[in-house]
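Per-entry structural report
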Amino acid sequence: MDTYTKGGRCWMRYAAAILMLLISTPSLLAQEASGADMPALDSGNTAWILTSSILVLLMSIPGIALFYGGLVRQKNVLSVIMQTLFIVGVVSILWIAFGYSWAFDTSFAESGNPLACVIGGFDKAFLHGITLDTLTAGNIPELVFVMFQCMFAIITPALILGAFAERIKFSGYIVFITLWVILAYFPMAHWVWGGGFLQQMGAIDFAGGTVVHINAGISALIMAIMLGKRMDYKVGHPITPHNVTFVFMGTSFLWLGWFGFNAGSGLAADGLAANAFLVTHVATAMAAITWMVIDWLCNKKPTTIGACTGAVAGLVAITPAAGTVDLLGAFCIGIITPIVCFFMVAAVKPKFKYDDALDAFGVHGIGGIIGSILTGIFATRFISGEDGVQGALYGDWHQLWVQIVATVVSIVFSAVITFILFKIVDSTIGLRVDKRVEEEGLDIYEHGESAYNH
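I will try to describe carefully the structure that is included in this document.

Rules and cut-offs
Residues numbered from 1 in each chain as written. Predicted model: local features only at pLDDT ≥ 70, side-chain atom pairs only at ≥ 80, totals over all residues. Heavy atoms only, no water. Helix = DSSP H or I, 4+ residues; strand = E, 2+ residues; numbered from the N terminus. Expected span 1.5 Å × (residues − 1). Buried < 20%, exposed > 50% of the residue type's maximum accessible area, 1.4 Å probe, protein only. Contact = heavy atoms within 4.5 Å. Phe/Tyr/Trp six-rings, centres within 6.5 Å; stacked < 30°, edge-to-face > 60°. Axes fitted to C-alpha atoms, helices over the stretch in contact; angles between N-to-C directions. Parallel < 35°, antiparallel > 145°, perpendicular 65-115°, else oblique. Left-handed = near helix turned anticlockwise from the far one by under 90°.

This part takes up helix α11 (residues 304-318). Compared with an ideal rise of 1.5 Å per residue, which puts 15 residues at 21 Å, α11 spans 22 Å between its outermost C-alpha atoms and is within 8% of the ideal. Of all the residues in α11, the buried ones are Gly306, Cys308, Thr309, Gly310, Ala311, Val312, Ala313, Gly314, Leu315, Val316, Ala317 and Ile318. On the buried face of α11, the contacting elements are α2 (43-71), α8 (209-227), α9 (244-263), α10 (271-299), α12 (327-352) and α13 (360-378).

Structural data, given as structure tokens:
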């Protein structure tokens, strides 16, 4: 009897377990289905964009600081370093405070606010609402995307420094750069990358041809013209760089960091990143060699400064195209860009006698314009995908016109904003240093230091 009783109880327990399993299965399946719909963090993409963010920061410090610092005279090298370091600090604060929200928030567009054409919104000011678990494109934490884009906001105003080097007052510079980032960079980033009208129009700017290089390069030209020439600047008598080794080191950091700049802009560690990496390197290598050859033919010597300048020109021009062109596009961009930039630096600048001290406009402005337009020629669906964009070379002339419109809009906007800001700051604080300060050097008079104490 006990045996039967125990057996009955055992079967009852089995039956109860089966019944509970049948009852709970639908809810478990529902939970699994719900979990399947939720995106999961992609650790590979996250690791790559974290690395890319570090690489882009290397472009500013120490890249631009060394590149520009080596090109100026010994008495002004610390002024360039200090200007670069200030940008890293103040732009980072502005970006976290409201710049990221201005550029990438979508609340204004969603609410129908007419300001959505220039401002994304302010719901994400001070990163409000962004948690450790908030993901964005590429299934990476949005916090990583915030920092990645912060590095772009840092490098852009740093490029302008080359135009007015050796003659700008630090106090006026602080106010001008701060206002420029807010009124020139943040709106442009929203227009092109944050859902603004240029992005909706279909303009291609994979990593910053319009937002970074045209924006900074045109502003550099306006500043150089309005600030005036250096006292001892003479056409046909270039001022000798004080440390060519610094220039080479800065170029090396720029070349290295640009892989994060371009290959990271797809926000994924995938084939598109690999292609961006490839075409960036090929275009840069071709541009460096092309400039060296031109230098050799025109000036009888292949110079280190020339090769470094050519490399930077190639890096600039491939930036907007890195996500849509193949090797053919990379080779062509790497050949065409240094030819045009060399002409601008060696012929146009002396002709019009403006003192773009370190060729910020001649390399970054012109390189960005060339790259943006050539993107509309060499973009191919072999890279962009079956439903992607293609350029005029492959039959789509519409894309070329879109690129031209975006380029013109960037030029006009940057020029107008820079002109207005220059007038305001120069009339209130002043932007040009005194004659004696310029003569003796900004390092001692502006910062109380000397780079080389013998």
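Once the structure has been displayed, the description carries forward.
Attention now moves to the packing of aromatic side chains. A complete count under the given rule lists 26 aromatic pairs for this structure. Taking the centre distance of 6.4 Å and the plane angle of 35° together, the rings of Phe98 and Trp102 count as tilted. Linking Phe98 with Trp102, this pair stays in helix α3 (residues 77-104), spanning four residues, or about one helical turn. Take Phe98: its relative accessible area is 23%, and that puts it in the partly exposed class. Ring centres of Tyr354 and Phe361 lie 6.4 Å apart, and the angle between their planes is 75°; on these two criteria the pair is classed as edge-to-face. An identical accessibility class is assigned to Tyr354 and Phe361; each is buried. Among the aromatic side chains, those forming a connected cluster through ring pairs are Trp95, Phe98, Tyr100, Trp102, Phe104, Phe108, Phe122, Phe145, Tyr185 and Phe186.

The next point concerns the packing of α2 against α3. Axis separation between α2 and α3 bottoms out at 8 Å; the angle between their running directions is 160°. Classified by the angle between their axes, α2 and α3 sit roughly antiparallel to one another. In the crossing of α2 with α3, the sense of the turn from one axis to the other is right-handed. Across the interface between the two elements, Leu57, Ser60, Ile61, Ile64, Ala65, Tyr68 and Gly69 from α2 touch Val77, Val80, Ile81, Thr84 and Val88 from α3.

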